[in-house]
Amino acid sequence: MMLAVQFPYWAQSLLRVLGGLVAVLLPAGTIVYLFLFKMMSFMQSRLGPMEAGPYGSMQLFAEVGKWLQKEDIMPEKADHSIFKIAPLIVLASTFLLVAVVPFGPDALFTNFETGVFYALAVSSVSVLGILIAGWSSANKYSLLGGLRAAGQLIAYELPMVLAVVGVVIQAGTMNLQQIVVAQNAGEIFGWNGLGNPYILTQFIGFAVFMIAVQAELTQAPFDMPVAESELVSGYMTEYSGFRFLIFFIAEFATAGVFALIASVLFLGGWGIPFSWFGWNNIDQIDNWMNIVGPLIMFTKMMGLVFLIMWIRFSYPRFREDQLQRFAWKVLIPVSLGNIMLTAVLKVVF
Amino acid sequence: MGLKPKVPGLVKGLGVTFNTMMTTITKGSNTVQYPHEKEAPPLRARGVIALREDNCTSCMLCARSCPDWCIYIEGHKELAPPRRAGGAPRKVNKLDRFDIDYALCMYCGICVEVCPFDALFWSPEYEYSEPKIADLLHDKTKLGEWMETVPEAPELEVGADKKGKK
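Definitions and cut-offs
Numbering of residues begins from 1 in every chain and follows the order in which that chain's sequence is written. Key to labels: chains lettered from A, ligands numbered from 1, both in the order written. Per-residue local features are limited, in this predicted model, to residues with pLDDT of at least 70; the limit for side-chain atom pairs, both in listing and counting, is 80 or more; totals at the level of whole chains, interfaces and linings are taken over all residues. Only DSSP runs of H or I covering at least 4 residues are called helices, and only runs of E covering at least 2 are called strands; the numbering of each starts at the N terminus. With C-alpha atoms as the basis for the radius of gyration, the globule rule is written as 2.2 Å multiplied by the number of residues raised to the power 0.38. As a rule, residues whose C-beta atom has 12 or fewer other C-beta atoms within 10 Å are exposed, those with 20 or more are buried, and those in between are partly exposed; C-beta atoms are placed from the backbone. What counts as a contact is two residues whose backbone-derived C-beta atoms lie within 7 Å of each other. Here the nonpolar group is Ala, Val, Leu, Ile, Met, Phe, Trp, Tyr, Cys and Pro; Asp, Glu, Lys and Arg are the charged ones; every other residue, Gly included, is treated as polar. Fitted lines through C-alpha atoms serve as axes, helices being fitted only where they are in contact, and the angles separating the N-to-C directions of these axes extend from 0 to 180 degrees. Under this scheme an angle from 65 to 115 degrees is roughly perpendicular, one under 35 degrees roughly parallel, and one over 145 degrees roughly antiparallel; angles in between are oblique. Pairing between two strands requires that DSSP report at least two bridges joining them.

Undergrad: Please explain the overall build of chain A as it appears in this structure.
TA: Each helix and strand counted, chain A has 13 helices and 0 strands in total. Mapped from its N terminus to its C terminus, chain A presents α and β elements in the order α-α-α-α-α-α-α-α-α-α-α-α-α. The C-alpha atoms of chain A give 21 Å as radius of gyration, which agrees with the globular expectation for 349 residues (20 Å, within 12%). For chain A, the C-alpha atoms occupy an extent of roughly 65 × 50 × 45 Å along the three principal directions. Here chain A, with 349 residues, has 45% of them falling under the buried criterion. Put simply, of all contacts in chain A between residues at least 6 apart along the chain, 81% involve residues at least 24 apart.

This is how it looks when you write it as structure tokens:
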């Protein structure tokens, strides 16, 4: 079903850019306020920000205003142009990542046939940004943090890719939109009241994917690269003001976008089980799903980010060797076994 | 006796944070919103040091025992009328200056401990921050004003040795 109004190309592009900004920044702001400010405070039996706006809801704007006023400090021996571009690379990978996420039957930025492949490839671009941020800072803490981040992000990239392979095998497609359709049009042993969200059949994949996401986001317990008790602030040590703000936004925007991708891959994305309204394929879906779909996505994303943040606020940090051992000796074998099992079951059923 | 199934520590930890969150949401937090509501500090809290000027003999014990050298005392001797009629006039120490620099003070309380004449007291008052660091130097008038905030010394425990002269 096509939209009733046809936009010229420039208007479509403008809408896509605006939509991308909303899809990245709105979740990021909500995550920071709801989880970083409020949930963390509640879990520590305090109230968090309460002064800026009702219940401190304008606190983030106050923080952004503060960061924008700060002096733009750069170490004298830093590699200036690379130092400046590093946070932008990290943020850009987030914006590139959201481009393939479908929000509704027609509400999508691109309908990319190999969307999963693209998402996983683009998400690893942020490693480059982090590595050059650490290297160009001319600071031993930054360098150590950057190297740790690179080692960790590359190690956890693998289980993440391998966990997604199970979903791709089961759906038979790498197109994120078709993965959503396959889940919501699917059935469990002939019963289609719930569709077939892959969290049920791919639970191992889901668990491995979420652990890998936690590590990719360098959230505790995988926050070795920014371990403040030993590395000051890791690769972000020398960044202040606006550039630090970009790192900060990128961290939580990426958390939101990864949660979006996880909800597409494992929780059925924007869809509701098609059998509820008697739909059979994507062409029969009513137009109002373009409005409700993004809201469903947002809800699912918030649930997943809650999980990520809950674990972040509860667990202590892994040691560097434990962290690497966990990726190579536990997660990768488990996800390889999951791929084999999925492949065998796919042939059997 | 039934064996209780062991909950993994990781799950238990998640439970602790989740329960704390629910308690905070339903019953309120353990903290107070400071400028709007204040917690009364304990009676013996080390907030600020108050001076009872009449008791001070400017013996300099406090100034000499201060690890930060933040007490400044100046005084001179004056003649006072004799105690008995026909006696020689007494010499008393008169306090000209008694300053405590709270920018330096580390609240160790040695001066209060060491004062033999009960001239220095702890007060739990803590709200005396200043925009200018020089204003943290409290002179003897200001230190004397703090005396109003010094609470009554709490009763000794039963059977405790009362120190000092009866």
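More follows now that the structure is in view.
Undergrad: Looking at this structure, how should I read the interface of chain A and chain B?
TA: Interface size is commonly expressed as the accessible area that is lost once the parts come together. Taken together, the 11 residues of chain A in the interface contact 11 residues of chain B. Listed by contribution, the elements that provide at least two residues to the side of chain A that touches chain B are helix H1 (9-43) and helix H12 (289-314) of chain A. The class makeup of the residues in the side of chain A that touches chain B is 8 nonpolar, 2 polar and 1 charged.

Undergrad: Help me understand the packing of helix H3 (residues 80-98) of chain A against helix H4 (residues 115-123) of chain A in this model?
TA: Two packed helices can be described by the angle between their axes and the distance between those axes. All names here are of chain A. Where H3 contacts H4, the two axes come as close as 9 Å, and the packing angle between them is 175°. With respect to each other, H3 and H4 are oriented roughly antiparallel. On H4, the residues that touch Ser93, Leu96 and Leu97 of H3 are Ala119, Val122 and Ser123. Of the residues assigned to the contact of H3 with H4, the class counts are 4 nonpolar, 2 polar and no charged.

Undergrad: Whenever I open this one, the sheet that holds strand E2 (residues 71-80) of chain B confuses me. Can you help?
TA: Sheets are built from strands paired through backbone hydrogen bonds, the pairs being either parallel or antiparallel. Residues and elements named next belong to chain B. Read from one edge to the other, the open sheet built from 3 strands follows the order E2-E3-E5, with strand pairing classed as antiparallel. Strands with a single pairing partner mark the edges of an open sheet, and in this sheet they are E2 and strand E5 (137-138). Here 10 bridges tie E2 to strand E3 (residues 90-101), and the two strands are oriented antiparallel to one another. Paired with Tyr72 across the two strands is Asp99, which belongs to E3.

Undergrad: Would you mind showing me how to read the pairing of E3(B) here?
TA: Residues in a regular strand project their side chains so that they alternate between the two faces of the sheet. Inspection of the sheet shows E3(B) paired to E5(B) by 2 bridges, in the antiparallel sense. Within E5(B), the position partnered with Ile100(B) by the bridge is His138(B).

What is shown is where atoms sit, not what they do.
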